[in-house]
Every structure is written in structure tokens, then in C-alpha cells.
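The lines below spell out each chain.
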Amino acid sequence: MLLRMLFRFHSLFVAVVALILLAAHPGPVRAGEALVAVATNFLGPARKIVEQFEKDSGHKVTLAGGSSGKLVAQILHGAPFDVFLSADQERVGLLVDRQAAVAESRFTYARGQLALWSPDKVPLTAVGLG
């Protein structure tokens, strides 16, 4: 399951970064750089995705991790991010409302789901873990 999720993230992330790099460099395609603001909850997978992307493409991606709120504040104060991967849609909406992001570039890249997992058989009761 985790591998399937990482593959989906990888495919989507590669597409997003590639489009940004191609848009930023008209003419012949050559190695470029992108600065990506990424919410802390996605920083681990993003690092693995970037590592593979850089190896496959020759492009350079720099990740700047932090809470979505702090990253939004940085963007509103002029931080030069090429991509913003937020933990929620509300903050992205704020950037669009303040014309600090392109509305048409907004999309949901992942949906989370909480799960309870244990290597031991732990019964789950109406009161809690028993």
C-alpha cells in the first residue's frame, strides 16, 4: 500500500516539477532548478521523490519544508518558490485570493486516510485499545 502511494506521489511530483521546469526554460530543454515549498507531513516522501527525479532527469530540486501556514507567510512576503505542496486546501485558497498563486495550477495531489496498525494483535474496543 505504501509503495503504491509513493509511486502515485512520485508520478505526480515528477509531472509537476517537469512542467514547471519546462515552462521556466523556453527553447531547448536543459537541466534546470526548482525551489519547492513542501508541508512537513509530506517532506519524507518528497525527499525520496526528488532523489529519484534528480537522478532520472538531471534537474535540481531544492525542498523547503515547514508548516503550511509558515510557508504561506513566506510566499506572501516574496519567497521565490516555484511549487507549493500544502497540507490543506484552505491555505492555497488564501494564496489564490491574494493573487500570490495561479488558480488554474491548483490541484489535490494526495488524500490522506488515518489507519491503526500494530505488529501485535491489539483488540480495538468501544472504550479504546484493550
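Residues numbered from 1 in each chain as written. Predicted model: local features only at pLDDT ≥ 70, side-chain atom pairs only at ≥ 80, totals over all residues. Heavy atoms only, no water.

K.L.:
Quick one: what's the story with the overall build of the chain, residue by residue and with numbers?
P.N.:
Of regular secondary structure, the chain possesses 4 helices and 3 strands. Its helices and strands taken in sequence order, the chain reads α-β-α-β-α-β-α from the N to the C terminus. Taken over 130 residues, the chain has a buried fraction of 26%. Long-range pairs, those at least 24 residues apart, make up 56% of the contacts in the chain between residues at least 6 apart in sequence. Summed over all atoms, the accessible surface of the chain reaches about 9200 Å², with 58% contributed by carbon and sulfur. (Helix = DSSP H or I, 4+ residues; strand = E, 2+ residues; numbered from the N terminus. Buried < 20%, exposed > 50% of the residue type's maximum accessible area, 1.4 Å probe, protein only. Contact = heavy atoms within 4.5 Å. Areas by Shrake-Rupley, 256 points an atom, 1.4 Å probe, with all protein chains shown as cover.)

K.L.:
Outline the nonpolar core, supporting the account with residue identities and numerical values.
P.N.:
If you look at the biggest cluster of nonpolar residues, it comprises 12 residues: V36, V38, F42, L43, A46, I49, V50, F53, V61, V83, L85 and Y109. Elements represented by at least two residues in this core include exactly β1 (33-39), α2 (43-57) and β3 (83-85). Among the elements that make up this core, the one with the highest residue count is α2 (5 residues). Not counting residues up to four positions away in its chain, the partners in contact with A46 are V38 and L63. (Core = buried A, V, L, I, M, F, W, Y, C linked by side-chain atoms within 4.5 Å.)

K.L.:
Could you give me a rundown of the confidence of the model for the chain, with the residues and numbers involved?
P.N.:
Summary statistics for the chain give a mean pLDDT of 81 and a share of 72% for residues scoring 70 or more. Confidence, read as mean pLDDT per element, is least for helix α1 (residues 2-24) in the chain (53) and greatest for helix α3 (residues 68-76) (97). Long-range and interchain partners of residues 22-29, a stretch whose pLDDT sits below 50, account for 4 contacts in this model, where long-range means more than four residues apart. (pLDDT = per-residue confidence, 0-100.)

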